[in-house]
Amino acid sequence: MKKILLTLAALTMAFAAVAQPQLREDNIEEVLKAMTLQEKATLLVGGARAAMVNGVTSGVSANVPGAAGNTRPIERLGIPVTVLADGPAGLRIQPTRPGDANTYYCTGFPVGTLLASSWDLSLVEEVTKAMGNEVLEYGVDVLLAPGMNIHRNPLCGRNFEYFSEDPLLSGKMAAAYVRGIQSNGVGTSIKHYAANNQETNRNEDDAIISQRALREIYLKNFEIAVKESQPWTVMSSYNKLNGDYTQQSEGLLTTVLRDEWGFKGIVMTDWGNKAGTVKSAKAGNDLMEPGNQNEIDRIIAGVQDGTISQEELDRNVRNMLTYIVRTPRFKGYKFSNKPDLKAHAEVARKAAGESIVLLRNEGALPLKGTEKVALYGISALDFVAGGTGSGDVNKAYVVNMEEAMTKAGFTLDKGLSDYYKAYVAYDKAQKGLTNTGFSWFFSRKLSEISIPADAISAESKANDVAVVVLGRNAGEGADRKQIDDFELTAVERELLRDVSTAYHAAGKKVIVVLNVGGVIETTSWKNMVDAIVLPWSPGQEGANAVADVLTGKVNPSGKLPMTFPVNFMDHPSSANFPYNYQQSASRGFSWGPRQPQKNVDYTQYEEGIWVGYRHFVTRDVEVSYPFGYGLSYTTFAYSKPVVKADKDGFTASITVTNTGKVAGKEVVELYVSAPEGGLEKPACELKAFGKTKELQPGESQTLTLKVSAYELASFNEAASAWEAAAGKYSVHFGASVADIRCTVPFTLKKAQNWPVHNVLAPVAAK
Ligand code: BGC
């Protein structure tokens, strides 16, 4: 009897050993086989929605409060929880924990638009290497970043998180960003895939886009990022694209992303539960975030009634297991909760300094650093380090302009500063901008205050120079407006007018600092002032970087990653953008059935490929500042342009010489004009770029840039193929798209084409 019992026990143990393999890197198939349907469904559905606690999303994961989400553990099989947290301007977690004296602040780095203004891929990699270290050391497995939607229109509320109006610049930036983060052994989630170009009704809006514009503009940047950096994850967006929710679009998530581009990671949804979980899973969306029990039940029912096949389910589960074995949490990494925030603050400051764009300088800059400065504008105190919403970072501090200028050696007009301090404190209290509860989502900015003209006149006599800081905030859940946001407010106009008049009468200069999240109107006022410095939203150390530029400690070398138009309506996309939509849906929610409303329920991308400079340059429309533009305190000469055909396109080189008196760096932009005939093409398109090291006066450097034939191709919808036409191309080396320094011809001897799947066509126009 005893013997029989022993044998039974041994058998049970053996069975248990077979049925309960513990997940390892090399036994994914075995674990997959051992999983029940319930377990498989569970793995495809993230933890429940996070709660809002003290103004931040408290994580569903017990491990990292404030993280946006997690994947569910299956202890029986040794599958751990993994933790996902926002991005992109740094890691977003809760900075303090009840009953815990430690703090968990993260570095507030420059926003994506400022990083893109550096045009410096190694700088971006350096920044995100530091950022990724915080991800690792705070116990997070995936940073939900970078945000990389195209700046289709200046008023998209989240443009500050995104890089550029140009897909090549955006894609290269995203790839560098991903490489830096992932060099830490943690993952990224490039987002929001795809065509999430407005916040208004972002959950439901149907972006209707031609296949050509999709392929060339809105997917191209994702294509580059996927191919060049293999992000661990991709986040599908909230919106619809040509009729389907992106999270349910097989064409987008499987055909294009995996079959054509070779993506190997997981796709997760943006943070919204759509009905139709099964359709999402079937389409290739592996993870529903944040998840709920209904979704698990739907997947189980879907398998049982055959709506989703066992193979499709297993494909997604396999992707999830492959992702999980890469994570630090799976590997048992002992995170310290103590990243080197001091060192990272230095990285943030350096990155901001290297990226700031100097838009105008009529002999005003650099300053000596010892001047008496009258600092105007509430944003000098209420400095905008980053935007609102999930892209905000819980940082330990934000240096403001007053602190930065004082530290740099300037003497500030005390009466003026005290006046602003009192007002900012009062206005903050009035508006209740405490960053608690839901206000993180909606909170915007204090309003500018009038300064009496006679006070300004007195200040102009008592000070050496005026610095006016104009600020804008924006963020998730709402788009910006044309009036009083893209355009200056009446109070701001008055301030600029009165300050310019008084200071110029006193023989003094006026410098404007644009502490903005997105493009604003500049044509009507730029000639009134002597210098304009554009730091965007430069992170917690950004004000120090602005001071570095004002004193010349840093010679600005950033260039615009988008166009500054004269008027908002000059962008063709403005005709189909919800720029004056004021109702509740502008908050990003939809409140139930109603008649489909243009630009709210559906948005026709009638402008096609004519986005940003592609439109302005080709149609010769005047701009305020062109794409790729930025000044320096020195000058550069371009020489010895060479373009050599090679077996796959061409290699170009150009020599850049610093012809001025101070050291500086120069961004060189390579644009290509295609041969006439065939598809209609923009006058030129950015195909490569490079940045010199810091060149001393008189010093030269030769930059070499490579362009493949595929990169020259345009998308032919009729043939469903990328086509590079044979013939004579012009290769332009430019300091901006409007400042071409040399042009060299290049001949592509044989036409080439790359057929792709005919997917994602718009359904009949509404
Ligand atoms: C945002 C994402 C973010 C997610 C998690 C969503 O509302 O659109 O960008 O990653 O929330 O916080």
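The rules behind the values
Residues numbered from 1 in each chain as written. Predicted model: local features only at pLDDT ≥ 70, side-chain atom pairs only at ≥ 80, totals over all residues. Heavy atoms only, no water. Helix = DSSP H or I, 4+ residues; strand = E, 2+ residues; numbered from the N terminus. Rg over C-alpha atoms; globule rule 2.2 N^0.38 Å. Buried < 20%, exposed > 50% of the residue type's maximum accessible area, 1.4 Å probe, protein only. Contact = heavy atoms within 4.5 Å. Areas by Shrake-Rupley, 256 points an atom, 1.4 Å probe, with all protein chains shown as cover. Lys, Arg positive; Asp, Glu negative; His and termini not counted. Charge placed at Lys NZ, Arg CZ, Asp CG, Glu CD. Pairing = 2+ DSSP bridges. Axes fitted to C-alpha atoms, helices over the stretch in contact; angles between N-to-C directions. Near = heavy atom within 4 Å. Polar contact = N/O pair within 3.5 Å; in protein donor to acceptor, adjacent residues only side chain to side chain. Nonpolar A, V, L, I, M, F, W, Y, C, P; charged D, E, K, R; others polar. pLDDT = per-residue confidence, 0-100. Expected span 1.5 Å × (residues − 1). Salt bridge = Lys/Arg side-chain N within 4 Å of Asp/Glu carboxyl O.

A count of helical and extended segments in the protein gives 23 helices and 32 strands. Taken against the 2.2 N^0.38 rule, which gives 27 Å for 766 residues, the C-alpha radius of gyration of the protein at 27 Å falls within 12% of a compact globule. Principal axes of the C-alpha set define a box for the protein whose edges measure 105 × 70 × 55 Å. Looking at the protein residue by residue over its 766 residues, the buried ones come to 65%. In the protein, once contacts between residues fewer than 6 apart in sequence are set aside, the share between residues at least 24 apart is 77%. Counting every atom, the protein has about 27,300 Å² of accessible surface; 54% of that belongs to carbon and sulfur. Seen as two clouds, the 80 positive and the 84 negative side-chain charges of the protein have centres 3 Å apart.

Moving on, we come to the environment of Val491. Among the structural elements, Val491 can be located in helix H20 (residues 490–505). C-alpha separation for the pair Val491 and Ile451, spaced 40 residues apart in sequence, amounts to 9.0 Å. With near-sequence residues (within four places) excluded, Val491 lies in contact with Glu448, Ile449 and Ser450.

Turning to the sheet that holds strand S28 (residues 714–716), a few remarks are in order. Strand order in this open sheet of 3 strands is S28-S29-S32, and the pairing throughout is antiparallel. Unpaired on one side and paired on the other, S28 and strand S32 (752–755) mark the two borders of the sheet. Geometrically, the sheet is characterised by an average inter-axis angle of 30 degrees between neighbouring strands, direction not taken into account. For S28 and strand S29 (residues 721–724), the ladder comprises 3 bridges, and the chain directions are antiparallel. Within S29, the residue paired with Phe715 across the bridge is Trp722. In the packing of helix H7 (residues 211–218) onto the sheet, the strands contacted are S28 and S29, and the crossing angle to S28 comes to about 160 degrees.

Inspection of the secondary structure assignment puts Glu199 in the loop between strand S8 (187–193) and strand S9 (206–208). Judged by its relative accessible area of 0%, Glu199 falls in the buried class.

Our next topic: unusual backbone geometry. Comment: phi is negative for the bulk of residues other than glycine, and the bulk of peptide bonds are trans. In the segment running from Ala145 into Pro146, the intervening peptide bond is cis, with an omega of 0 degrees. Locating Pro146 in the fold gives a position in the loop between strand S7 (142–144) and helix H6 (167–182). At Asn201, a position not held by glycine, the phi torsion is positive, near 50 degrees. Take Asn201: it is sitting in the loop between S8 and S9. Residue Leu760 is not a glycine yet carries a positive backbone phi of 65 degrees. Among the secondary structure elements, Leu760 is positioned in the segment after S32.

Turning next to the site of the ligand. Of all residues adjacent to the ligand, which total 13 residues, the nearest are Asp86, His192, Tyr238, Asp270 and Glu476. At 2.8 Å from an oxygen atom of the ligand is found a side-chain nitrogen or oxygen belonging to Arg158. Take Tyr238: an N or O atom from its side chain is 2.8 Å from an oxygen atom of the ligand. Coverage of the ligand by the protein chains reaches 93% of its 310 Å² of free accessible surface. Its residues assigned to classes, the shell around the ligand shows 5 nonpolar, 2 polar and 6 charged.

Low pLDDT marks stretches whose predicted atomic positions should not be read closely. On average, residues of the protein score 93 in pLDDT, and 91% of them reach the 70 mark or higher. This model gives residues 11–17 a pLDDT under 50, and the stretch forms 0 contacts once residues within four places in sequence are excluded. Predicted confidence for residues 583–589 stays below pLDDT 50, and this span has 24 contacts to residues more than four positions away or in other chains.

Here we come to helix H14 (residues 341–355). In this model, H14 (15 residues) spans 21 Å end to end at C-alpha, consistent with the 21 Å of a helix rising 1.5 Å per residue. Looking at H14, one finds that the buried residues are His344, Ala345, Val347, Ala348, Arg349, Ala351, Ala352, Gly353, Glu354 and Ser355. Of the surrounding elements, those touching the buried residues of H14 are helix H4 (112–118), helix H5 (121–137), strand S14 (357–361), helix H21 (542–551) and strand S26 (685–691).

Okay, the pattern of salt bridges next. Applying the stated rule across the entire model yields 39 salt bridges. The salt bridge partner of Arg24 is Asp26, with a shortest N-O separation of 2.9 Å. By relative accessible area, which is 44% here, Arg24 ends up partly exposed. Two residues, Arg329 and Asp141, come together in a salt bridge whose shortest N-O distance is 3.4 Å. In this pair, Arg329 is assigned in helix H13 (residues 328–331) and Asp141 in the loop between H5 and S7, connecting sequence segments 188 residues apart. When salt bridges with common partners are traced through the structure, they connect Arg158, Glu161, Glu199, Arg202 and Glu476 into a single cluster.

Structurally, Ser249 is set in the loop between strand S12 (244–245) and helix H9 (250–260). Classification of Ser249 by relative accessible area gives buried; the value is 5%. Other than its neighbours up to four places away in sequence, Ser249 contacts Asp244, Thr254, Ala283 and Leu760.

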